[in-house]
Amino acid sequence: MRSLPVPSLSARTLYRACISTAIRRHKRRLEALEQAVVDASDEFEAAASAAALHTLKELAKKPVDEADRTQLTNTYTDRLVPDRSPGGAFYNELKKVPHKICPLCGHRDVSTLDHQLPKMKYPLLAVVPINLVPACGICNWLKGEHVPATASEQTLHPYYDDVADQQWLFARLKWIENRPPEVSYHIRPPQSADCVLAARVIRHFQMFRLAELYGPNAVREMSNIRGILRGINAAGRRKYLLLAEHSILIDKDAGGQNHWKRALFQTLAGDAGYLEGGFDQF
Ligand SMILES: [Zn+2]
């Protein structure tokens, strides 16, 4: 749920670099596809800017030739990903993000590039920079070959969607008799939010299983701060939690409005039962 600047690297530059060392018969085939790749990148950009990636159904049919499709997808795996391949330096550059944080989950480290539209279904977009999103291995795996069928099914694209100016993510603390309290996370769209964007953020939250990621991390964090909270009174605990929330909120690179710790500290600071002694149960 984090946004990133759109890469300045052009589709043509990256494509030419990647195919530069292909063997002659593959290179001829790939050179003939260059303009189709550039056109596909333009089409993708227009659709992504309009939150309409679900409308690119015709693009999935191109090119028709199976050998062309194979060479395009091989261009990603053989000519861009390996360190010593002609695209290797570009691959590493595209993966660079602040603090290595995966923009899809906002928590784990970036280790790969995820195709916003999968390369097996959209071979013309296999090495198009704006279709390549830095991601952690788990988010990449969870998304798999997903293709949105409707506008609401589109997960957030970090280069084109930015929800950081408002709070969408909230935490809830649930006290249960005779059992340890539970922490859960949910999306609550801002009142002013467009209904398609709201559906997309919820889809994103579910697709990347963010509740399952944040909940256990929240419990570990509460265990970590228990010692600090023991040494101060309830008013001091509230103040500490509000300061902690604020410091995450204002850190645009590593934290922000929708960081799970921000939502956690916000909820804890407003929970009298937690402040009065409940913190000791975590
Ligand atoms: Zn991730």
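Cut-offs and rules
The residue numbers shown here count from 1 along each chain, following its written sequence. In view of the model being predicted, local features appear only for residues whose pLDDT reaches at least 70, and side-chain atom pairs are presented and counted only at 80 or more, with totals across whole chains, interfaces and linings using the full set of residues. Where side-chain values are given, they derive from all heavy atoms of the structure, hydrogens and water being excluded. Per the convention used, a helix needs a DSSP run of H or I reaching at least four residues, while a strand needs a run of E reaching at least two, with both numbered from the N terminus. Only heavy atoms matter for contacts: two residues are in contact if any of them lie within 4.5 Å across the pair. The method behind every accessible area is Shrake-Rupley, applied with a 1.4 Å probe, and residues are considered shielded solely by the protein chains displayed. Positive: Lys, Arg. Negative: Asp, Glu. His and the chain ends are not part of the count. Note that the charge is assigned to NZ on lysines, CZ on arginines, CG on aspartates and CD on glutamates. Relative accessibility thresholds used throughout: buried, under 20% of the residue-type maximum; exposed, over 50%; partly exposed, between the two (1.4 Å probe, protein chains only). Multiplying one less than the number of residues by 1.5 Å gives the expected span of a helix. The seven residues ending at a residue and the seven starting there each receive a fitted axis; the angle between those axes is the bend at that residue. Take the buried Ala, Val, Leu, Ile, Met, Phe, Trp, Tyr and Cys residues and link them wherever side-chain atoms come within 4.5 Å; each set so joined is a nonpolar core. These domain limits were set by an automatic method or by a database of domain assignments. Two strands pair under a simple rule: DSSP has to find at least two bridges between them. Axes, fitted as lines to C-alpha atoms, cover a helix only where it is in contact. Angles between the N-to-C directions of the axes lie from 0 to 180 degrees. Any angle between 65 and 115 degrees counts as roughly perpendicular, while under 35 counts as roughly parallel, over 145 as roughly antiparallel, and the rest as oblique. For any pair of crossing helices, the crossing counts as left-handed if the nearer helix is rotated counterclockwise from the farther one by less than a right angle, and right-handed if it is rotated clockwise. Amino acids are sorted into nonpolar (Ala, Val, Leu, Ile, Met, Phe, Trp, Tyr, Cys and Pro), charged (Asp, Glu, Lys and Arg) and polar (every other residue, Gly among them). Whenever Lys or Arg places a side-chain nitrogen within 4 Å of a carboxyl oxygen from Asp or Glu, that contact is recorded as a salt bridge. A quick way to say it: buried area is the sum, across both parts, of accessible area lost when two parts are put together, with a 1.4 Å probe. Polar contact is the term for a pair of N or O atoms within 3.5 Å; when the atoms are in protein, one must be able to donate a hydrogen and the other to accept it, and sequence-neighboring residues count only if both atoms are side-chain atoms.

> Would you take a moment to explain the overall build of the chain for this structure?
When helices and strands are tallied, the chain shows eleven helices and four strands. Structurally, the chain occupies a C-alpha span of about 75 × 40 × 30 Å along its principal axes. Considering only residue pairs separated by 6 or more positions, the chain has 70% of its internal contacts joining residues 24 or more positions apart. Of the roughly 13700 Å² of accessible surface on the chain, 51% is carried by carbon and sulfur atoms. In the chain, which carries 37 positive and 31 negative side-chain charges, the distance between the mean positions of the two groups comes to 4 Å.

> Explain the environment of Gly87 to me, please; I cannot follow it from the model alone.
Mapped onto the fold, Gly87 is located in the loop between helix 4 (66-79) and helix 5 (88-94). For Gly87, a relative accessible area of 0% translates into the label buried. Spatially, the C-alpha atom of Gly87 lies 9.2 Å from that of Arg16, the residues being 71 residues apart in sequence. Other than its neighbours up to four places away in sequence, Gly87 contacts Cys18, Arg79 and Leu80.

> Can you help me understand helix 8 (residues 210-230) in this one?
Three or four residues apart is the spacing at which side chains of an α-helix point the same way, because the helix has 3.6 residues per turn. Between the first and last C-alpha of helix 8 there are 30 Å, a value that for 21 residues agrees with the 30 Å anticipated at 1.5 Å per step. Where helix 8 bends most, the angle comes to about 35 degrees, and this point is Asn224. Those residues of helix 8 lying buried are Leu210, Leu213, Tyr214, Gly215, Asn217, Ala218, Glu221, Met222, Ile225 and Leu229. At its buried positions, helix 8 is contacted by strand 3 (169-174), strand 4 (182-187), helix 7 (195-207), helix 9 (234-249), helix 10 (260-269) and helix 11 (272-275).

> Could you clarify how one ought to interpret the nonpolar core in this entry?
As a rule of thumb, nonpolar side chains are buried together in soluble globular proteins. Membership of the largest hydrophobic core comes to 48 residues, with the highest contact counts inside it found for Tyr185, Leu264, Leu268 and Tyr274. Here the element with the most residues in this core is helix 8; it accounts for seven residues. Domain assignment of the residues forming this core places at least three in each of domain 1 (11-144) and domain 2 (169-281). The residues contacting Tyr274, other than those within four sequence positions of it, are Leu173, Trp175, Met222, Ile225, Leu229, Leu241, Leu268, Phe279 and Phe282. Counting residues in hydrophobic clusters, the runner-up holds 33 residues, among them Leu9, Ala11, Leu124 and Ile130.

> How should the pairing of strand 2 (residues 132-135) be read in this particular structure?
Looking down a regular strand, the side chains alternate between one sheet face and the other. Side-chain alternation along strand 2 places Leu132 and Pro134 on one buried face and Val133 and Ala135 on a second face that is also buried. Summarising the sheet, strand 1 (residues 112-115) and strand 2 pair through four bridges and their orientation is antiparallel. For Thr112, the partnering residue across the bridge sits in strand 2 and is Ala135.

> Explanation requested: the packing of helix 8 against helix 9 in the structure shown.
The geometry of a pair of packed helices is captured by two quantities: the angle between their axes and the separation between those axes. Close contact between helix 8 and helix 9 brings their axes to 10 Å; oriented N to C, the two are set at 135 degrees. Relative to helix 9, helix 8 is oriented oblique. Handedness of the helix 8/helix 9 crossing: right-handed. For the pair helix 8 and helix 9, the contacting residues are Ile225, Ile228, Leu229 and Arg230 in the first and Arg237, Tyr240 and Leu241 in the second. Here the residues of the contact of helix 8 with helix 9 sort into five nonpolar, no polar and two charged.

> Sorry, what's going on with the pattern of salt bridges here?
Where charged atoms from two side chains of opposite charge come close, those side chains can pair. The final tally for this structure, using the stated rule, is twelve salt bridges. Arg179 is the salt-bridge partner of Glu182, the closest N and O atoms lying 3.0 Å from each other. Glu182 gets classed as partly exposed once you look at its relative accessible area, which sits at 36%. Residue classification places Arg179 among the partly exposed residues on the basis of a relative accessible area of 48%. As a salt-bridge pair, Lys261 and Glu221 come within 3.8 Å of each other at their nearest N and O atoms. One end of the pair, Lys261, is in helix 10; the other, Glu221, is in helix 8, and 40 residues separate them in sequence. For Lys261, a relative accessible area of 26% gives the class partly exposed. Overall, Glu221 belongs to the buried group, its relative accessible area being 14%. Each of the salt bridges in this network shares a partner with another, and the network as a whole consists of Arg12, Arg16 and Glu34.

> In this structure, what is going on with the domain arrangement of the chain? I would like to understand it.
One frequently used descriptor of interface size is the decrease in accessible area upon assembly of the parts. Each domain of the chain was delimited in the assignment, giving domain 1 (11-144) and domain 2 (169-281). For domain 1 versus domain 2, the separation of C-alpha centres amounts to 36 Å. At the junction of the two partners, domain 1 supplies twelve residues and domain 2 supplies 13 residues. Between domain 1 and domain 2, roughly 1100 Å² of surface is buried when both sides are summed, and carbon and sulfur atoms account for 63% of that area. Where domain 1 meets domain 2, there are zero salt bridges. Between the two partners, domain 1 and domain 2, sit four residue pairs in polar contact (both at pLDDT 80 or more).

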